[in-house]
Amino acid sequence: MSTIPWQDKPENSTDVMWRYSENPIIDRYAIPSSNSIFNSAVVPFEDGFAGVFRCDNKAVQMNIFAGFSKNGIDWDINHEPIVMQAGNTDMIESAYKYDPRVVWIEDRYWITWCNGYNGPTIGIGYTFDFKEFFQCENAFLPFNRNGVLFPQKINGKYAMLSRPSDNGHTPFGDIWISYSPDMKFWGEHRLVMKPSPFEQSAWQCTKVGAGPIPILTEEGWLMLYHGVINTCNGFRYAMGAAILDTDAPDQVKYRTQPYLLGPAEIYEQVGDVGNVVFPCAALHNIEQDKLAVYYGAADTVVAIAFGKLSEVIQFTKDNSL
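Residues numbered from 1 in each chain as written. Predicted model: local features only at pLDDT ≥ 70, side-chain atom pairs only at ≥ 80, totals over all residues. Heavy atoms only, no water.

(A) Structural view of the overall build of the chain. Scanning the chain from N- to C-terminus turns up two helices and 22 strands. Taking 20 Å as the expected radius of gyration for a compact globule of 321 residues, we find that the chain reaches 18 Å, a close match to that expectation. Expressed as lengths along the three principal axes of its C-alpha atoms, the size of the chain is roughly 50 × 45 × 45 Å. Within the chain, buried positions represent 57% of all 321 residues. By sequence separation, contacts in the chain at least 24 residues apart represent 52% of the contacts at least 6 residues apart. Within the structure as shown, the chain displays about 13300 Å² of accessible surface, and the carbon and sulfur contribution to it stands at 48%. Taken together, the 24 basic and 37 acidic charged side chains of the chain have centroids lying 4 Å from each other. (Helix = DSSP H or I, 4+ residues; strand = E, 2+ residues; numbered from the N terminus. Rg over C-alpha atoms; globule rule 2.2 N^0.38 Å. Buried < 20%, exposed > 50% of the residue type's maximum accessible area, 1.4 Å probe, protein only. Contact = heavy atoms within 4.5 Å. Areas by Shrake-Rupley, 256 points an atom, 1.4 Å probe, with all protein chains shown as cover. Lys, Arg positive; Asp, Glu negative; His and termini not counted. Charge placed at Lys NZ, Arg CZ, Asp CG, Glu CD.)

If you want it as structure tokens, here you go:
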């Protein structure tokens with residue numbers, strides 16, 4: 001596996017997760033056409049890393065672009081968006097694409113994103129080399145967002161988290177799980193997690209959505225997620241963690257009452273949409289006990305935060321709702 005990005009915790013920090021001192025790692029103008037680059041996905045690839053990046057152009061058209069890096073910090077993002085070929089369907093219509101996730105399952109890299117087909121739904125595609133991309137059937141009817149695949153089959157079926165929504169800036173949202181035998185037909189929808197009561201954990205009382213690809217640990221599936229509170233200044237997004245049962249991931253074993261990372265730095269508070277920490281990808285090394293989380297900041301740039309995997313798990317158990 002490629003050596004994941006890492007920076008030791010600052011000496012004066014007591015936080016479970018800490019920010020990279022050189023954040024943001026990807027600027028809003030990293031390619032000539034972009035207005036903003038954020039909410040993007042990263043995976044190990046060959047001797048480095050590959051990614052699928054949300055790049056909104058200066059007309060604020062939303063699309064996804066491939067990118068490559070040797071160290072996971074310094075990125076070379078293609079200047080033209082990904083062009084999809086037909087995968088398991090000839091229907092590859094898409095008015096927009098945003099907020100991708102990427103995961104290796106069995107023999108290829110699978111990509112999910114919010115796909116514009118008469119409203120937002122979950123688009124699915126795959127690639128073997130991040131040069132050719134194949135689009136499959138949308139997973140669900142509109143409206144849905146935050147489609148996140150598990151990295152392996154569960155009880156013989158592909159599994160995906162999602163957040164049913166509406167056609168706008170959804171003022172609600174629960175995390176659900178669905179299953180598929182073939183990455184084309186999805187069913188067996190089960191509720192996983194709802195927003196918390198305001199009195200118990202206000203930062204996640206309006207809506208919740210899955211973030212990076214879940215990580216299988218001895219305790220269960222570690223699911224990083226975003227939670228939202230509706231404040232007098234609009235939505236505020238922060239990051240938390242939950243541990244789901246290994247064999248029945250609709251069962252939540254633990255869930256953080258305090259957030260792991262909330263908007264506090266200027267690049268998280270100020271941008272096209274202020275006060276947003278939105279995790280979309282996580283690299284981990286269990287042997288080295290390292291976790292690196294990529295997140296969109298203020299819907300404008302990409303940043304990265306680090307943590308010890310064991311400490312994040314223990315914190316989630318010790319501070320559970």
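Anyway, onward from the coordinates.
(B) A look at the pairing of strand β20 (residues 277–285). Across the nine residues that make up β20, a large majority, eight, are buried. As paired elements, β20 and strand β21 (residues 290–297) share eight bridges and run antiparallel to each other. Pairing of A281 across the sheet is with Y294, part of β21. Where β20 folds back onto β21 in an antiparallel hairpin, the turn is made up of four residues, including D289, whose phi is positive at roughly 60°. (Pairing = 2+ DSSP bridges.)

(C) Structural detail: the environment of T3. Among the structural elements, T3 can be located in the segment before β1 (17–19). Sequence separation of T3 and N230 is 227 residues, and the distance between their C-alpha atoms is 38 Å.

(D) Expanded view of the pattern of salt bridges. The full count for this structure, using the stated rule, is eleven salt bridges. Put simply, K9 and E311 hold a salt bridge, and the shortest N to O gap is 4.0 Å. Taken together, the positions of K9 in the segment before β1 and E311 in helix α2 (residues 309–318) put the pair 302 residues apart, joining distant regions of the chain. Overall, the relative accessible area of 31% leaves K9 in the partly exposed class. What makes E311 partly exposed here is its relative accessible area of 37%. Residues K157 and E188 are paired through a salt bridge, measuring 2.5 Å at the closest nitrogen-oxygen approach. Here E188 lies in strand β14 (residues 187–193) and K157 lies in the loop between β11 (144–149) and β12 (158–164), a separation of 31 residues in the sequence. (Salt bridge = Lys/Arg side-chain N within 4 Å of Asp/Glu carboxyl O.)

(E) A look at the nonpolar core. In this structure, W110, L161, W186 and M223 are the most contacted members of the largest nonpolar core, which totals 35 residues. It is β12 that provides the largest number of residues to this core, a total of four residues. Once residues lying within four places of it in the same chain are set aside, the contact partners of M223 are L161, I175, M193, A210, G240, A241, A242 and L244. With 24 residues, the next largest nonpolar core counts L222, A241, A297 and I313 among its residues. (Core = buried A, V, L, I, M, F, W, Y, C linked by side-chain atoms within 4.5 Å.)

(F) Region of interest: unusual backbone geometry. The omega torsion of the bond from N23 to P24 falls at -10°, within 30 degrees of zero and hence cis. Relative to the helices and strands, P24 is located in the loop between β1 and β2 (34–45). Between P142 and F143 the backbone carries a cis peptide bond, its omega angle lying at 15°. Backbone geometry places V60, a non-glycine residue, at a positive phi of 55°. Tracing the chain through its elements places V60 in the loop between β3 (48–57) and β4 (62–69).

(G) Region of the structure containing the sheet that holds β1. Taken together, four strands build an open sheet; the order of strands is β1-β22-β21-β20 and the sheet is antiparallel. Edge positions in the sheet fall to β1 and β20, since each has one partner strand and no second. Within this sheet the neighbouring strands show an average axis-to-axis angle of 30°, counted without direction. (Axes fitted to C-alpha atoms, helices over the stretch in contact; angles between N-to-C directions.)

(H) Representation of the layout of surface pockets. Roughly 660 Å³ of volume is contained in the largest pocket. As for the largest pocket, its lining consists of 28 residues, of which R54, Y98, R145, H169 and D299 are closest to the centre. Secondary structure elements with two or more residues in the lining of the largest pocket: β2, β3, β7 (97–105), β11 and β18 (234–244). Classifying every residue of the lining of the largest pocket gives eleven nonpolar, nine polar and eight charged. As for the second largest pocket, its lining consists of 24 residues, and the residues nearest its centre are P44, V103, P151, A282 and H284. Those elements that place two or more of their residues in the lining of the second largest pocket are β2, β7, β16 (215–217) and β20. (1 Å grid on protein atoms, 1.4 Å probe; cavity = no way out; pocket = protein on both sides within 12 Å on 5 of 7 lines; lining within 4 Å. Points joined across faces, edges and corners; volume = space filled by probe spheres on them. Nonpolar A, V, L, I, M, F, W, Y, C, P; charged D, E, K, R; others polar.)

(I) Looking closely at the sheet that holds β11. One open sheet accounts for four strands, arranged β11-β12-β13-β14; its pairing is antiparallel. Every other strand in the sheet has two partners, leaving β11 and β14 as the edge strands with one partner each. Averaged over all pairs of adjacent strands, the angle between strand axes in this sheet comes to 30°, irrespective of strand direction. Taken together, the four bridges between β11 and β12 define a ladder with antiparallel strand orientation. The residue of β12 that forms the bridge with L149 is M160.

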